[in-house]
Amino acid sequence: MTTTSAPLLPLSEVSERLREAVTSIVAPEQLSAMPDAELLALLRVAEELGRAVDGLRVLASGEVGERSRATLGPERLSARSGCHSPAELIERIGCVSGQVARSRLRLAERLRPGYSLTGELLPGAFPAVREAVTSGTLGIEAAAAIIEPLAPVLDRGSILASLTGADGIRSAERELVDAAAAGEPADGVRIMAQTWALFLDPDGPLRDDDRGRRERGLTLGRPRHGTVPIRGVLMPEVAAQLQRLLDAYLNPRVDEQGPHFVPDAPDDAPPVHDDLEQRTPAQRRHDALAGILSVAASSDGAPRLGGGAPTLVVTVTPDQLDDPSGIAFLQGGAQDAAAVSASVARHIGCAGAVQRLVLDGEGRIIELGTVQRIFNAHQRRAIMVRDGECVIPGCHVPAPWCEIHHVVPHARGGPTHTDNGVPLCWHHHRTIDTGGWQIEMRAGLPWVRPPGWIDPHRTWQPGGSATMRAWLTLRLDDEAGPRPGRR
Ligand SMILES: [Zn+2]
(Lines give C-alpha, C1' and ligand atoms only; values in the text may rest on other atoms or scores of the structure.)
Protein backbone atom coordinates (compact mmCIF):
# COMPACT_ATOMS: atom_id res chain seq x y z
CA MET A 1 0.00 0.00 0.00
CA THR A 2 1.22 3.53 -0.64
CA THR A 3 1.42 5.96 2.21
CA THR A 4 -0.26 9.31 1.82
CA SER A 5 0.62 12.58 3.38
CA ALA A 6 -1.99 14.37 5.49
CA PRO A 7 -4.17 16.88 3.61
CA LEU A 8 -2.88 20.43 3.75
CA LEU A 9 -6.05 21.69 5.44
CA PRO A 10 -8.21 19.88 7.94
CA LEU A 11 -11.06 18.15 6.06
CA SER A 12 -13.75 20.13 7.86
CA GLU A 13 -12.18 23.35 6.64
CA VAL A 14 -11.85 22.05 3.05
CA SER A 15 -15.49 21.09 3.07
CA GLU A 16 -16.53 24.45 4.53
CA ARG A 17 -14.59 26.43 1.91
CA LEU A 18 -15.78 24.35 -1.01
CA ARG A 19 -19.38 24.56 0.10
CA GLU A 20 -19.06 28.31 0.46
CA ALA A 21 -17.52 28.58 -3.00
CA VAL A 22 -20.25 26.44 -4.57
CA THR A 23 -23.18 28.14 -2.84
CA SER A 24 -21.85 31.60 -3.70
CA ILE A 25 -21.88 30.87 -7.46
CA VAL A 26 -25.46 31.99 -7.75
CA ALA A 27 -28.23 33.08 -5.39
CA PRO A 28 -31.50 31.21 -6.03
CA GLU A 29 -33.39 34.48 -6.61
CA GLN A 30 -30.98 35.44 -9.44
CA LEU A 31 -31.87 32.34 -11.43
CA SER A 32 -35.11 33.49 -12.97
CA ALA A 33 -33.50 36.66 -14.34
CA MET A 34 -30.49 34.86 -15.79
CA PRO A 35 -30.08 34.96 -19.61
CA ASP A 36 -30.45 31.55 -21.31
CA ALA A 37 -26.82 31.18 -22.28
CA GLU A 38 -25.66 31.94 -18.77
CA LEU A 39 -28.17 29.50 -17.28
CA LEU A 40 -26.89 26.71 -19.51
CA ALA A 41 -23.29 27.58 -18.63
CA LEU A 42 -24.26 27.44 -14.96
CA LEU A 43 -25.82 24.00 -15.44
CA ARG A 44 -22.65 22.81 -17.16
CA VAL A 45 -20.53 24.04 -14.25
CA ALA A 46 -22.83 22.38 -11.72
CA GLU A 47 -22.51 19.07 -13.57
CA GLU A 48 -18.72 19.40 -13.73
CA LEU A 49 -18.56 20.01 -10.00
CA GLY A 50 -20.89 17.07 -9.46
CA ARG A 51 -18.63 14.78 -11.48
CA ALA A 52 -15.58 15.89 -9.50
CA VAL A 53 -17.41 15.12 -6.26
CA ASP A 54 -18.66 11.82 -7.74
CA GLY A 55 -15.06 10.74 -8.30
CA LEU A 56 -14.25 11.44 -4.67
CA ARG A 57 -17.35 9.59 -3.53
CA VAL A 58 -16.52 6.47 -5.49
CA LEU A 59 -12.89 6.42 -4.40
CA ALA A 60 -13.73 6.93 -0.73
CA SER A 61 -16.56 4.37 -0.86
CA GLY A 62 -14.21 1.89 -2.54
CA GLU A 63 -11.68 2.31 0.24
CA VAL A 64 -14.41 1.80 2.85
CA GLY A 65 -15.35 -1.38 0.99
CA GLU A 66 -11.72 -2.52 0.90
CA ARG A 67 -11.32 -2.01 4.66
CA SER A 68 -14.62 -3.80 5.26
CA ARG A 69 -13.79 -6.96 3.29
CA ALA A 70 -15.08 -10.14 4.91
CA THR A 71 -11.61 -11.70 5.34
CA LEU A 72 -10.80 -9.09 8.00
CA GLY A 73 -13.36 -10.67 10.31
CA PRO A 74 -14.37 -8.62 13.33
CA GLU A 75 -11.60 -6.13 12.52
CA ARG A 76 -13.32 -4.93 9.35
CA LEU A 77 -14.27 -1.26 9.31
CA SER A 78 -17.99 -1.87 8.82
CA ALA A 79 -18.13 -4.19 11.85
CA ARG A 80 -16.15 -1.80 14.03
CA SER A 81 -18.63 0.93 13.02
CA GLY A 82 -21.59 -1.19 14.09
CA CYS A 83 -22.82 -1.94 10.55
CA HIS A 84 -23.30 -5.37 9.01
CA SER A 85 -21.97 -4.38 5.59
CA PRO A 86 -19.89 -1.66 3.92
CA ALA A 87 -23.01 -0.62 1.99
CA GLU A 88 -24.85 0.03 5.25
CA LEU A 89 -21.93 2.09 6.52
CA ILE A 90 -21.90 4.21 3.35
CA GLU A 91 -25.67 4.51 3.54
CA ARG A 92 -25.47 5.88 7.07
CA ILE A 93 -22.55 8.24 6.53
CA GLY A 94 -23.67 9.47 3.13
CA CYS A 95 -27.41 9.59 3.94
CA VAL A 96 -28.00 7.79 0.63
CA SER A 97 -30.17 4.82 -0.30
CA GLY A 98 -28.85 1.27 -0.11
CA GLN A 99 -29.08 1.09 -3.89
CA VAL A 100 -26.79 4.11 -4.37
CA ALA A 101 -24.31 2.78 -1.79
CA ARG A 102 -24.15 -0.60 -3.50
CA SER A 103 -23.71 0.87 -6.98
CA ARG A 104 -20.80 3.01 -5.74
CA LEU A 105 -19.17 -0.03 -4.20
CA ARG A 106 -19.60 -2.06 -7.39
CA LEU A 107 -18.08 0.70 -9.47
CA ALA A 108 -15.18 1.22 -7.06
CA GLU A 109 -14.50 -2.51 -7.10
CA ARG A 110 -14.08 -2.41 -10.88
CA LEU A 111 -11.87 0.66 -10.73
CA ARG A 112 -9.54 -0.48 -7.99
CA PRO A 113 -5.93 -1.00 -9.14
CA GLY A 114 -4.46 -4.41 -8.43
CA TYR A 115 -1.14 -5.61 -7.09
CA SER A 116 1.14 -8.21 -8.61
CA LEU A 117 2.57 -11.05 -6.53
CA THR A 118 5.72 -8.99 -6.08
CA GLY A 119 3.71 -6.07 -4.70
CA GLU A 120 3.89 -4.03 -7.90
CA LEU A 121 0.98 -1.69 -8.59
CA LEU A 122 -1.03 -2.87 -11.62
CA PRO A 123 -3.60 -0.86 -13.51
CA GLY A 124 -7.15 -1.91 -12.59
CA ALA A 125 -9.52 -3.52 -15.02
CA PHE A 126 -10.55 -0.17 -16.48
CA PRO A 127 -7.64 2.25 -16.13
CA ALA A 128 -8.98 4.87 -18.55
CA VAL A 129 -12.35 4.98 -16.79
CA ARG A 130 -10.60 5.21 -13.43
CA GLU A 131 -8.50 8.10 -14.57
CA ALA A 132 -11.49 9.93 -16.04
CA VAL A 133 -13.59 9.38 -12.90
CA THR A 134 -10.89 10.54 -10.49
CA SER A 135 -10.17 13.62 -12.58
CA GLY A 136 -13.87 14.49 -12.68
CA THR A 137 -14.21 14.10 -16.48
CA LEU A 138 -16.58 11.16 -16.22
CA GLY A 139 -19.64 10.98 -14.00
CA ILE A 140 -20.72 7.87 -12.12
CA GLU A 141 -23.54 7.13 -14.55
CA ALA A 142 -21.32 7.27 -17.63
CA ALA A 143 -18.68 5.16 -15.89
CA ALA A 144 -21.25 2.50 -15.05
CA ALA A 145 -22.57 2.69 -18.63
CA ILE A 146 -19.11 1.74 -19.89
CA ILE A 147 -18.18 -0.83 -17.27
CA GLU A 148 -21.39 -2.82 -16.89
CA PRO A 149 -21.55 -4.08 -20.50
CA LEU A 150 -17.75 -4.55 -20.84
CA ALA A 151 -16.95 -6.18 -17.50
CA PRO A 152 -18.58 -9.55 -18.36
CA VAL A 153 -16.52 -9.65 -21.57
CA LEU A 154 -13.39 -9.06 -19.53
CA ASP A 155 -14.41 -11.66 -16.98
CA ARG A 156 -14.95 -14.30 -19.63
CA GLY A 157 -11.61 -15.83 -19.35
CA SER A 158 -8.19 -15.84 -20.83
CA ILE A 159 -8.93 -17.46 -24.21
CA LEU A 160 -10.85 -14.45 -25.31
CA ALA A 161 -8.36 -12.04 -23.77
CA SER A 162 -5.50 -13.70 -25.58
CA LEU A 163 -7.32 -13.44 -28.90
CA THR A 164 -8.77 -9.97 -29.09
CA GLY A 165 -9.97 -9.35 -25.56
CA ALA A 166 -7.34 -7.32 -23.77
CA ASP A 167 -6.55 -5.06 -26.71
CA GLY A 168 -10.12 -4.93 -27.88
CA ILE A 169 -11.36 -3.93 -24.47
CA ARG A 170 -8.70 -1.26 -24.10
CA SER A 171 -9.71 0.26 -27.45
CA ALA A 172 -13.37 0.08 -26.53
CA GLU A 173 -12.75 1.67 -23.15
CA ARG A 174 -10.69 4.49 -24.63
CA GLU A 175 -13.24 5.25 -27.33
CA LEU A 176 -16.15 5.23 -24.87
CA VAL A 177 -14.40 7.48 -22.34
CA ASP A 178 -13.58 9.92 -25.14
CA ALA A 179 -17.17 9.88 -26.36
CA ALA A 180 -18.46 10.59 -22.86
CA ALA A 181 -15.91 13.36 -22.33
CA ALA A 182 -16.96 14.87 -25.64
CA GLY A 183 -20.51 15.18 -24.35
CA GLU A 184 -22.27 11.93 -25.30
CA PRO A 185 -25.04 11.42 -22.70
CA ALA A 186 -24.78 8.33 -20.46
CA ASP A 187 -27.61 6.49 -22.24
CA GLY A 188 -25.84 6.84 -25.58
CA VAL A 189 -22.57 5.69 -24.02
CA ARG A 190 -24.31 2.58 -22.70
CA ILE A 191 -25.65 1.67 -26.15
CA MET A 192 -22.17 2.13 -27.63
CA ALA A 193 -20.68 -0.04 -24.88
CA GLN A 194 -23.26 -2.78 -25.48
CA THR A 195 -22.40 -2.74 -29.18
CA TRP A 196 -18.71 -3.07 -28.35
CA ALA A 197 -19.42 -5.94 -25.97
CA LEU A 198 -21.33 -7.82 -28.66
CA PHE A 199 -18.53 -7.19 -31.16
CA LEU A 200 -15.80 -8.38 -28.78
CA ASP A 201 -17.73 -11.36 -27.52
CA PRO A 202 -20.40 -12.41 -30.04
CA ASP A 203 -21.14 -15.60 -28.06
CA GLY A 204 -22.05 -13.61 -24.96
CA PRO A 205 -25.83 -13.78 -25.33
CA LEU A 206 -25.65 -17.54 -26.03
CA ARG A 207 -23.58 -18.10 -22.93
CA ASP A 208 -25.97 -15.96 -20.88
CA ASP A 209 -28.80 -18.10 -22.16
CA ASP A 210 -26.95 -21.27 -21.09
CA ARG A 211 -26.31 -19.86 -17.69
CA GLY A 212 -29.90 -18.69 -17.40
CA ARG A 213 -31.13 -22.19 -18.14
CA ARG A 214 -28.92 -23.58 -15.39
CA GLU A 215 -29.78 -20.95 -12.81
CA ARG A 216 -33.50 -20.54 -13.45
CA GLY A 217 -35.80 -21.53 -10.62
CA LEU A 218 -38.86 -20.76 -8.56
CA THR A 219 -39.41 -21.77 -4.94
CA LEU A 220 -42.35 -21.31 -2.60
CA GLY A 221 -41.31 -21.10 1.05
CA ARG A 222 -43.17 -22.22 4.15
CA PRO A 223 -46.19 -20.18 5.25
CA ARG A 224 -45.25 -17.79 8.03
CA HIS A 225 -47.36 -15.10 9.70
CA GLY A 226 -49.98 -15.08 7.00
CA THR A 227 -47.71 -14.98 3.95
CA VAL A 228 -45.62 -17.39 1.91
CA PRO A 229 -42.23 -16.15 0.65
CA ILE A 230 -41.47 -16.69 -3.03
CA ARG A 231 -37.95 -16.80 -4.37
CA GLY A 232 -36.73 -17.22 -7.89
CA VAL A 233 -34.67 -16.37 -10.92
CA LEU A 234 -36.53 -16.05 -14.22
CA MET A 235 -35.26 -16.35 -17.77
CA PRO A 236 -35.61 -12.95 -19.47
CA GLU A 237 -38.41 -14.07 -21.80
CA VAL A 238 -40.39 -15.50 -18.87
CA ALA A 239 -39.92 -12.29 -16.92
CA ALA A 240 -41.00 -10.28 -19.97
CA GLN A 241 -44.12 -12.42 -20.36
CA LEU A 242 -44.98 -12.01 -16.68
CA GLN A 243 -44.38 -8.27 -16.91
CA ARG A 244 -46.72 -8.03 -19.91
CA LEU A 245 -49.42 -9.93 -18.03
CA LEU A 246 -49.02 -7.77 -14.93
CA ASP A 247 -49.18 -4.64 -17.07
CA ALA A 248 -52.25 -5.91 -18.85
CA TYR A 249 -53.94 -6.70 -15.56
CA LEU A 250 -52.95 -3.55 -13.71
CA ASN A 251 -53.25 -1.04 -16.48
CA PRO A 252 -55.17 -2.54 -19.37
CA ARG A 253 -55.76 0.85 -20.98
CA VAL A 254 -52.14 1.83 -21.39
CA ASP A 255 -49.99 -0.17 -23.76
CA GLU A 256 -46.47 0.42 -22.56
CA GLN A 257 -43.67 -0.18 -25.02
CA GLY A 258 -42.02 -3.54 -24.48
CA PRO A 259 -41.02 -5.19 -21.24
CA HIS A 260 -39.55 -3.19 -18.39
CA PHE A 261 -37.94 -5.10 -15.58
CA VAL A 262 -37.34 -2.19 -13.26
CA PRO A 263 -40.59 -1.41 -11.47
CA ASP A 264 -41.73 2.16 -11.91
CA ALA A 265 -41.69 2.63 -8.17
CA PRO A 266 -39.83 0.81 -5.42
CA ASP A 267 -41.75 -2.06 -3.85
CA ASP A 268 -42.27 -0.26 -0.58
CA ALA A 269 -43.21 3.04 -2.20
CA PRO A 270 -46.24 4.62 -0.56
CA PRO A 271 -49.49 3.81 -2.32
CA VAL A 272 -50.54 6.08 -5.14
CA HIS A 273 -53.11 8.34 -3.55
CA ASP A 274 -55.66 8.89 -6.14
CA ASP A 275 -59.13 8.54 -4.76
CA LEU A 276 -59.39 4.80 -5.13
CA GLU A 277 -55.98 3.21 -4.81
CA GLN A 278 -54.61 2.44 -1.40
CA ARG A 279 -52.29 -0.42 -2.33
CA THR A 280 -48.54 -0.20 -2.83
CA PRO A 281 -47.16 -1.15 -6.28
CA ALA A 282 -45.92 -4.46 -4.84
CA GLN A 283 -49.34 -5.22 -3.38
CA ARG A 284 -50.96 -4.45 -6.72
CA ARG A 285 -48.58 -6.84 -8.48
CA HIS A 286 -49.43 -9.52 -5.91
CA ASP A 287 -53.14 -9.09 -6.60
CA ALA A 288 -52.50 -9.19 -10.34
CA LEU A 289 -50.66 -12.49 -9.94
CA ALA A 290 -53.64 -13.82 -7.97
CA GLY A 291 -55.90 -12.89 -10.88
CA ILE A 292 -53.55 -14.48 -13.42
CA LEU A 293 -53.40 -17.74 -11.43
CA SER A 294 -57.14 -17.91 -11.08
CA VAL A 295 -57.64 -17.45 -14.83
CA ALA A 296 -54.99 -20.07 -15.56
CA ALA A 297 -56.42 -22.58 -13.08
CA SER A 298 -59.96 -22.31 -14.40
CA SER A 299 -58.98 -22.32 -18.07
CA ASP A 300 -60.05 -25.35 -20.07
CA GLY A 301 -56.48 -25.82 -21.21
CA ALA A 302 -55.03 -26.05 -17.69
CA PRO A 303 -53.21 -29.33 -17.00
CA ARG A 304 -55.30 -31.85 -15.08
CA LEU A 305 -54.48 -32.79 -11.53
CA GLY A 306 -55.69 -36.18 -10.30
CA GLY A 307 -58.08 -36.36 -13.24
CA GLY A 308 -59.72 -32.99 -12.57
CA ALA A 309 -59.05 -29.27 -12.88
CA PRO A 310 -56.27 -28.04 -10.53
CA THR A 311 -58.86 -27.12 -7.94
CA LEU A 312 -57.93 -25.53 -4.65
CA VAL A 313 -60.05 -26.99 -1.86
CA VAL A 314 -60.97 -24.81 1.11
CA THR A 315 -62.32 -26.70 4.09
CA VAL A 316 -64.43 -25.03 6.75
CA THR A 317 -67.01 -25.89 9.42
CA PRO A 318 -70.40 -24.06 9.39
CA ASP A 319 -69.84 -22.27 12.71
CA GLN A 320 -66.44 -21.01 11.54
CA LEU A 321 -67.88 -19.97 8.19
CA ASP A 322 -70.27 -17.54 9.87
CA ASP A 323 -67.77 -16.39 12.48
CA PRO A 324 -65.95 -13.16 11.47
CA SER A 325 -62.84 -14.50 13.20
CA GLY A 326 -63.33 -18.07 11.97
CA ILE A 327 -60.68 -20.38 10.55
CA ALA A 328 -60.62 -22.40 7.33
CA PHE A 329 -57.98 -24.69 5.81
CA LEU A 330 -56.43 -24.52 2.36
CA GLN A 331 -55.51 -27.76 0.70
CA GLY A 332 -53.58 -26.86 -2.40
CA GLY A 333 -52.33 -30.33 -3.23
CA ALA A 334 -48.82 -31.29 -2.16
CA GLN A 335 -48.54 -28.72 0.59
CA ASP A 336 -49.80 -29.36 4.08
CA ALA A 337 -53.12 -27.77 4.89
CA ALA A 338 -52.59 -24.12 5.81
CA ALA A 339 -54.93 -22.37 8.23
CA VAL A 340 -56.42 -19.18 6.84
CA SER A 341 -59.19 -16.77 7.80
CA ALA A 342 -62.68 -18.10 7.12
CA SER A 343 -63.28 -14.98 4.99
CA VAL A 344 -61.19 -16.73 2.34
CA ALA A 345 -63.75 -19.55 2.33
CA ARG A 346 -66.63 -17.08 2.21
CA HIS A 347 -65.23 -15.33 -0.86
CA ILE A 348 -63.76 -18.06 -2.94
CA GLY A 349 -66.80 -20.23 -2.61
CA CYS A 350 -68.01 -19.10 -6.00
CA ALA A 351 -64.78 -18.87 -7.97
CA GLY A 352 -64.33 -21.50 -10.65
CA ALA A 353 -61.08 -23.20 -9.69
CA VAL A 354 -61.79 -23.28 -5.99
CA GLN A 355 -64.01 -25.68 -4.19
CA ARG A 356 -65.46 -25.06 -0.76
CA LEU A 357 -65.91 -28.05 1.47
CA VAL A 358 -68.04 -27.58 4.59
CA LEU A 359 -67.58 -30.24 7.26
CA ASP A 360 -69.56 -30.68 10.45
CA GLY A 361 -67.94 -31.13 13.88
CA GLU A 362 -67.25 -34.82 13.21
CA GLY A 363 -65.72 -34.16 9.83
CA ARG A 364 -68.73 -35.31 7.79
CA ILE A 365 -69.20 -33.46 4.51
CA ILE A 366 -72.29 -31.32 4.75
CA GLU A 367 -71.72 -28.98 1.85
CA LEU A 368 -69.58 -29.27 -1.20
CA GLY A 369 -69.14 -26.28 -3.48
CA THR A 370 -71.17 -27.67 -6.31
CA VAL A 371 -71.95 -26.77 -9.85
CA GLN A 372 -75.12 -25.02 -8.70
CA ARG A 373 -73.14 -22.38 -6.88
CA ILE A 374 -70.55 -21.83 -9.61
CA PHE A 375 -71.47 -19.63 -12.54
CA ASN A 376 -71.20 -21.71 -15.68
CA ALA A 377 -69.32 -20.66 -18.79
CA HIS A 378 -72.42 -19.17 -20.48
CA GLN A 379 -73.34 -17.14 -17.42
CA ARG A 380 -69.78 -15.91 -16.96
CA ARG A 381 -69.61 -14.80 -20.59
CA ALA A 382 -72.91 -12.95 -20.32
CA ILE A 383 -71.87 -11.18 -17.12
CA MET A 384 -68.52 -10.22 -18.65
CA VAL A 385 -70.17 -8.70 -21.70
CA ARG A 386 -72.70 -6.82 -19.58
CA ASP A 387 -70.21 -5.32 -17.10
CA GLY A 388 -66.97 -5.26 -19.10
CA GLU A 389 -64.69 -4.93 -16.10
CA CYS A 390 -64.52 -5.11 -12.30
CA VAL A 391 -67.69 -3.26 -11.22
CA ILE A 392 -65.84 -1.07 -8.72
CA PRO A 393 -65.55 2.38 -10.36
CA GLY A 394 -61.98 3.31 -11.26
CA CYS A 395 -60.81 -0.31 -11.27
CA HIS A 396 -60.33 -1.34 -14.88
CA VAL A 397 -59.39 -4.99 -14.47
CA PRO A 398 -61.10 -6.60 -17.50
CA ALA A 399 -63.99 -8.94 -16.68
CA PRO A 400 -62.34 -12.10 -18.08
CA TRP A 401 -59.67 -11.64 -15.39
CA CYS A 402 -62.23 -11.22 -12.63
CA GLU A 403 -63.97 -13.61 -10.28
CA ILE A 404 -67.75 -13.67 -10.45
CA HIS A 405 -69.20 -12.57 -7.14
CA HIS A 406 -72.66 -13.49 -5.80
CA VAL A 407 -74.16 -10.11 -4.86
CA VAL A 408 -76.56 -11.84 -2.47
CA PRO A 409 -74.44 -14.66 -1.04
CA HIS A 410 -75.36 -18.16 -2.08
CA ALA A 411 -75.59 -19.11 1.60
CA ARG A 412 -78.30 -16.49 2.08
CA GLY A 413 -80.33 -17.77 -0.80
CA GLY A 414 -78.69 -15.71 -3.55
CA PRO A 415 -79.22 -17.61 -6.83
CA THR A 416 -76.39 -18.47 -9.23
CA HIS A 417 -78.03 -16.34 -11.90
CA THR A 418 -76.68 -13.56 -14.10
CA ASP A 419 -78.96 -11.16 -12.20
CA ASN A 420 -77.00 -11.96 -9.04
CA GLY A 421 -73.43 -12.13 -10.40
CA VAL A 422 -70.92 -9.33 -11.00
CA PRO A 423 -67.23 -9.41 -11.96
CA LEU A 424 -64.85 -8.33 -9.18
CA CYS A 425 -61.07 -8.34 -9.44
CA TRP A 426 -59.21 -10.43 -6.87
CA HIS A 427 -58.52 -7.43 -4.63
CA HIS A 428 -62.05 -6.06 -4.62
CA HIS A 429 -63.51 -9.53 -4.18
CA ARG A 430 -61.35 -10.20 -1.11
CA THR A 431 -62.10 -6.81 0.44
CA ILE A 432 -65.77 -6.47 -0.48
CA ASP A 433 -66.86 -7.02 3.15
CA THR A 434 -64.33 -4.64 4.64
CA GLY A 435 -63.59 -2.05 1.94
CA GLY A 436 -66.83 -0.14 2.40
CA TRP A 437 -68.17 -0.65 -1.13
CA GLN A 438 -71.78 -1.80 -1.48
CA ILE A 439 -73.20 -3.57 -4.51
CA GLU A 440 -76.84 -3.99 -5.38
CA MET A 441 -78.59 -5.41 -8.44
CA ARG A 442 -81.39 -3.27 -9.83
CA ALA A 443 -83.36 -4.64 -12.74
CA GLY A 444 -80.51 -7.00 -13.54
CA LEU A 445 -77.82 -4.30 -13.53
CA PRO A 446 -75.14 -3.67 -10.92
CA TRP A 447 -75.23 -0.48 -8.89
CA VAL A 448 -72.38 0.46 -6.63
CA ARG A 449 -72.10 2.74 -3.63
CA PRO A 450 -68.66 4.06 -2.62
CA PRO A 451 -67.46 4.13 0.98
CA GLY A 452 -67.75 7.45 2.84
CA TRP A 453 -64.07 8.31 2.54
CA ILE A 454 -64.37 8.39 -1.24
CA ASP A 455 -67.79 9.97 -1.54
CA PRO A 456 -69.19 11.57 1.63
CA HIS A 457 -72.70 11.41 0.10
CA ARG A 458 -72.29 7.73 -0.75
CA THR A 459 -74.21 8.15 -4.01
CA TRP A 460 -75.27 4.99 -5.82
CA GLN A 461 -73.88 4.78 -9.34
CA PRO A 462 -73.97 2.18 -12.10
CA GLY A 463 -71.09 -0.28 -11.84
CA GLY A 464 -69.09 -1.83 -14.68
CA SER A 465 -67.31 -0.30 -17.63
CA ALA A 466 -67.34 3.45 -18.05
CA THR A 467 -68.90 3.14 -21.48
CA MET A 468 -71.81 1.20 -20.12
CA ARG A 469 -72.15 3.54 -17.15
CA ALA A 470 -72.20 6.60 -19.39
CA TRP A 471 -74.76 5.03 -21.68
CA LEU A 472 -76.97 4.03 -18.77
CA THR A 473 -76.82 7.44 -17.13
CA LEU A 474 -77.71 9.13 -20.41
CA ARG A 475 -80.58 6.77 -21.05
CA LEU A 476 -81.93 7.18 -17.56
CA ASP A 477 -81.70 10.99 -17.71
CA ASP A 478 -83.43 10.83 -21.06
CA GLU A 479 -86.30 8.76 -19.83
CA ALA A 480 -86.65 11.08 -16.82
CA GLY A 481 -88.34 8.17 -15.25
CA PRO A 482 -87.73 6.82 -11.77
CA ARG A 483 -83.93 6.71 -11.68
CA PRO A 484 -82.71 3.72 -9.76
CA GLY A 485 -80.26 5.84 -7.77
CA ARG A 486 -83.04 8.11 -6.49
CA ARG A 487 -85.66 5.73 -5.45
ZN1 LIG B 1 -61.39 -4.25 -8.89
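As recorded in an unreviewed UniProt entry, the chain goes by the name DUF222 domain-containing protein, listed as coming from Microbacterium caowuchunii.

**Observations regarding the packing of aromatic side chains**
Under the counting rule described, the total for this entry stands at 2 aromatic pairs. Centroid distance Trp196 to Phe199: 5.9 Å. Interplanar angle 80°. Geometry classified as edge-to-face. In this pair, Trp196 and Phe199 are both assigned in helix H9 (residues 186-200), 3 residues apart and thus about one turn of the helix distant. The class for Trp196 is buried, based on a relative accessible area of 18%. Pairing Tyr249 with Trp401 gives two aromatic rings, centres 5.5 Å apart and planes at 75°, and the pair type is edge-to-face. You can see Tyr249 sitting in helix H11 (residues 236-250) and its partner Trp401 sitting in the loop between helix H15 (377-387) and strand E10 (403-406), a full 152 residues away along the chain. Note on accessibility: Tyr249 and Trp401 belong to one class, buried.

**Looking at the coordination of the zinc ion**
For the zinc ion, the full set of protein donor atoms is Cys390 (SG), Cys395 (SG), Cys425 (SG) and His428 (ND1), and the range of their distances to it is 2.0 to 2.3 Å. One can describe the donor arrangement at the zinc ion as tetrahedral, given that its 4 donor atoms subtend angles of 97 to 120° at the metal. Within one chain, the residues donating to the zinc ion are spaced in sequence as C-x4-C-x29-C-x2-H. The buried category is assigned to Cys395, whose relative accessible area is 8%.

**Here we look at the packing of H11 against helix H12 (residues 281-298)**
The interhelical angle for the contact between H11 and H12, taken along N-to-C directions, is 100°, at an axis separation of 9 Å. Accordingly, the angle class assigned to the pair H11 and H12 is roughly perpendicular. Two secondary-structure elements touch here, H11 through Leu242, Leu245, Leu246, Tyr249 and Leu250 and H12 through Arg284, Arg285, Asp287, Ala288, Leu289, Gly291 and Ile292. Considered class by class, the residues forming the contact of H11 with H12 number 8 nonpolar, 1 polar and 3 charged.

**A few points about the confidence of the model for the chain**
Per-residue pLDDT for the chain averages 79, and the proportion of residues at 70 or more is 78%. Every residue in residues 254-266 scores below 50 in pLDDT, and together they form 15 contacts with partners more than four places removed in sequence or on other chains. Every residue in residues 269-275 is under pLDDT 50, and counting partners more than four places away or in other chains gives 11 contacts.

Rules used in this analysis
- Residues numbered from 1 in each chain as written.
- Predicted model: local features only at pLDDT ≥ 70, side-chain atom pairs only at ≥ 80, totals over all residues.
- Heavy atoms only, no water.
- Phe/Tyr/Trp six-rings, centres within 6.5 Å; stacked < 30°, edge-to-face > 60°.
- Helix = DSSP H or I, 4+ residues; strand = E, 2+ residues; numbered from the N terminus.
- Buried < 20%, exposed > 50% of the residue type's maximum accessible area, 1.4 Å probe, protein only.
- Donors = N, O, S within 2.8 Å, 3.2 Å for Na, K, Ca; no water.
- Tetrahedral: all angles 85-135°; square planar, octahedral: opposite > 155°, others 65-115°.
- Axes fitted to C-alpha atoms, helices over the stretch in contact; angles between N-to-C directions.
- Parallel < 35°, antiparallel > 145°, perpendicular 65-115°, else oblique.
- Contact = heavy atoms within 4.5 Å.
- Nonpolar A, V, L, I, M, F, W, Y, C, P; charged D, E, K, R; others polar.
- pLDDT = per-residue confidence, 0-100.

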